[in-house]
Amino acid sequence: MIPLFPTYPAGLIHPVKGEGSLLWDEKGNAYLDFTSGIGVLQLGHVPQEVKQKVAEQLDKLWHTSNLFVIEPQIQLAKKVAEISGMDLVFFANSGAEANEAAIKLARRYQQVIKKQARYQIITFEQSFHGRTLATLTATGQAKVKEGFQPLPEGFVSIPFGDIEKLKQTISAHTAAILLEVVQGEGGIHPADEKWLVEVEKLVRKHDLLLIIDEVQTGIGRTGKWFGFQHYPIQPDIITMAKGLGSGFPIGAMAAREKLKEGFSLGSHGSTFGGNFLATTAGLATIETIEKQNLLAHVVKMGSYLIEQLQQEIGDIPQLKEIRGKGLMIGIEWEIPVADLIQIAKDQGLLLLTAGPHVLRLLPPLNVSQEEIDQAVAILKRSIDQWLKNEKKRASERQTRSV
Ligand SMILES: *Cc1c(COP(=O)(O)O)cnc(C)c1O
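Cut-offs used in this document
- Residues numbered from 1 in each chain as written.
- Predicted model: local features only at pLDDT ≥ 70, side-chain atom pairs only at ≥ 80, totals over all residues.
- Heavy atoms only, no water.
- Near = heavy atom within 4 Å.
- Polar contact = N/O pair within 3.5 Å; in protein donor to acceptor, adjacent residues only side chain to side chain.
- Helix = DSSP H or I, 4+ residues; strand = E, 2+ residues; numbered from the N terminus.
- Nonpolar A, V, L, I, M, F, W, Y, C, P; charged D, E, K, R; others polar.
- Salt bridge = Lys/Arg side-chain N within 4 Å of Asp/Glu carboxyl O.
- Buried < 20%, exposed > 50% of the residue type's maximum accessible area, 1.4 Å probe, protein only.
- Axes fitted to C-alpha atoms, helices over the stretch in contact; angles between N-to-C directions.
- Parallel < 35°, antiparallel > 145°, perpendicular 65-115°, else oblique.
- Left-handed = near helix turned anticlockwise from the far one by under 90°.
- Contact = heavy atoms within 4.5 Å.
- Expected span 1.5 Å × (residues − 1).
- Pairing = 2+ DSSP bridges.

> So what exactly am I meant to see when it comes to the site of the ligand here?
Near the ligand the following residues occur: Ser94, Gly95, Ala96, Asn99, Phe128, His129, Gly130, Glu180, Asp213, Val215, Gln216 and Lys242. Residue phenylalanine 128 places a main-chain N or O atom 3.2 Å away from a nitrogen atom belonging to the ligand. Lysine 242 has a polar side-chain atom sitting 2.5 Å from an oxygen atom of the ligand. In terms of residues, the shell around the ligand owes the most to one element, helix H4 (residues 95–113), which gives 3 residues. Of the residues assigned to the shell around the ligand, the class counts are 3 nonpolar, 6 polar and 3 charged.

See the structure below:
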């Protein structure tokens with residue numbers, strides 16, 4: 001028996017080596033990896049540019065704690081500020097921790113700086129914000145909360161895209177609104193622009209804070225550095241993690257100057273957050289995306305992938321919708337997609353779900369057009385097989401019932 005908690009399903013494959021968009025298992029079989037470690041590997045597996053920088057840092061210094069000057073952390077903070085338009089950065093180790101920091105900052109800003117009894121965070125149904133107690137409470141999905149009561153107070157989730165409900169929910173206790181501009185785990189749902197503009201207006205009118213969770217959408221995934229940059233809005237706080245470190249655990253929260261004293265000396269902290277290795281990996285990741293002009297590539301490959309999907313599978317009756325932004329793409333079906341993931345794996349393509357009915361594609365940002373063509377061809381074959389199996393099963397069910 002393996003002494004691990006059974007929190008995850010059985011491993012899809014047993015990978016031993018990776019390079020770019022490819023993974024190899026212990027038997028030497030190759031797979032096209034369109035999961036990217038759940039949107040983490042912006043540059044694919046083992047990117048040489050990041051490896052080089054981390055290897056140099058490995059020889060010098062790994063960790064000191066935040067009681068010391070950490071040069072790569074300062075460099076990465078400047079870079080994150082530059083690409084996000086934010087002013088101040090706090091480093092954590094994961095998306096949940098980055099969101100924890102955002103929630104704490106929003107409350108502390110309202111209570112200590114603005115001297116208001118505001119604590120409530122409004123979030124949205126089908127959102128995902130993490131697995132710590134506060135962030136699973138913020139998450140708008142019942143399944144992550146089951147059995148963890150009592151949950152922290154001061155969170156409410158309302159329907160995504162419903163402006164009237166939001167107006168009714170804002171009260172004298174509301175501190176902030178927290179949202180993903182493209183809901184990731186919840187099924188790849190891009191926010192409606194008109195709605196988002198109205199959300200920001202309400203935020204300003206009621207003196208709230210707008211927090212955008214960019215943990216999945218950030219670091220180029222949607223074709224801009226951050227998903228919010230597709231919309232005419234200006235958040236007060238953003239969070240990021242997944243794509244920031246090329247697989248090295250790192251998270252960050254960035255905010256506007258006015259929030260500075262919200263996180264005054266000693267008010268928050270992290271032992272590992274922003275250490276030499278993690279911030280070196282983060283800086284090298286962003287610099288490589290810049291050098292290789294990958295944002296433009298994401299826009300191009302994202303439209304190409306959607307086009308190819310429309311062309312090859314767009315007419316299948318069980319298909320509901322193909323949607324997304326950049327290289328964050330969801331394909332929604334009338335029927336659950338779990339079996340399709342297994343079939344595609346057997347044909348050499350690794351895919352994710354986002355809820356039971358949505359197939360999720362998150363290839364690395366530097367995926368090539370040839371790799372997209374290969375993936376679409378494998379996916380098409382896999383879907384044929386999947387629907388054939390479904391049909392057979394349906395007719396067997398029918399035979400049994402007569
Ligand atoms: C994955 C994810 C998180 C949680 O990140 P962890 O690093 O797993 O804690 C939070 N928000 C969004 C939008 C995510 O996709």
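Now, onward.
> Would you explain the pattern of salt bridges in this entry?
Close approach of charged atoms lets side chains of opposite charge pair. By the definition in use, this model includes 17 salt bridges. A salt bridge links arginine 204 to glutamate 200; the nearest nitrogen and oxygen atoms lie 3.2 Å apart. Placement of both arginine 204 and glutamate 200 in helix H7 (residues 193–205) is noted, with a separation of 4 residues, approximately one turn of the helix. By relative accessible area, arginine 204 is classed as partly exposed at 33%. For aspartate 346, the salt bridge is made with lysine 345, and the minimal N-O distance between the two is 3.2 Å. Look at aspartate 346 and you get exposed, because its relative accessible area is 59%. Within this structure, Glu200, Arg204, Asp236, Arg256 and Lys258 form a network of salt bridges that share partners.

> Explain unusual backbone geometry here, please?
In most cases, non-glycine residues show a negative phi, while peptide bonds are predominantly trans. For the peptide bond that leads from glutamine 149 to proline 150, omega is 0 degrees, which places it in the cis range. Summarising the element assignment, proline 150 is placed in the loop between helix H5 (133–138) and strand E6 (155–158). Of note in the backbone geometry, serine 246 takes a positive phi value of approximately 55 degrees without being a glycine. Following the sequence through the fold, serine 246 ends up in the loop between strand E11 (237–240) and strand E12 (251–255).

> Would you take a moment to explain the packing of helix H3 (residues 71–84) against helix H8 (residues 276–291) for this structure?
Each pair of packed helices can be summarised by the angle the axes make with each other and by the distance between the axes. The contact between H3 and H8 brings their axes to 8 Å, and the two run at 40 degrees. The angle between the axes of H3 and H8 places the two elements in the oblique class. Between H3 and H8 lies a crossing of left-handed hand. Residue-level contacts link Glu71, Pro72, Gln73, Gln75, Leu76, Lys79, Val80, Glu82 and Ile83 of H3 to Phe276, Thr279, Thr280, Gly282, Leu283, Ile286, Glu287 and Glu290 of H8. In the contact of H3 with H8, the residues fall into 7 nonpolar, 5 polar and 5 charged.

> Whenever I open this one, the side chain of glutamine 183 confuses me. Can you help?
Position of glutamine 183 relative to the elements: it lies in strand E8 (residues 182–183). When residues no more than four places from it in sequence are discounted, the contact partners of glutamine 183 are Phe124, Glu125, Gln126, Ser127, Phe160, Ile188 and His189.

> Would you mind going over H3 with me for this structure?
For the α-helix, the turn length of 3.6 residues means that residues three or four positions removed from each other point alike. In this model H3 runs 20 Å from its N-terminal to its C-terminal C-alpha over 14 residues, within 8% of the 20 Å that 1.5 Å per residue would give. Residues of H3 that are buried include every one of Pro72, Gln73, Leu76, Lys79, Val80, Ala81, Ile83 and Ser84, and no others. Against the buried residues of H3 lie helix H2 (48–60), strand E4 (88–92), E11, E12 and H8. One or two steps after H3, the chain reaches glycine 85, where phi turns positive at roughly 75 degrees.

> Looking at this structure, I do not really get the sheet that holds strand E10 (residues 209–213). What am I missing?
One key point about sheets: their strands pair by backbone hydrogen bonds, in either a parallel or an antiparallel sense. The sheet built from 7 strands is open, its strands ordered E4-E12-E11-E10-E7-E5-E6 with mixed pairing. Each having just a single partner strand, E4 and E6 make up the two edges of the open sheet. When the angles between neighbouring strand axes are averaged without regard to direction, this sheet yields 20 degrees. The sheet contact formed by strand E5 (residues 120–124) and E6 spans 4 bridges and is parallel. Paired with isoleucine 122 across the bridge in E6 is valine 156.

Distances and angles like these do not, on their own, reveal function.
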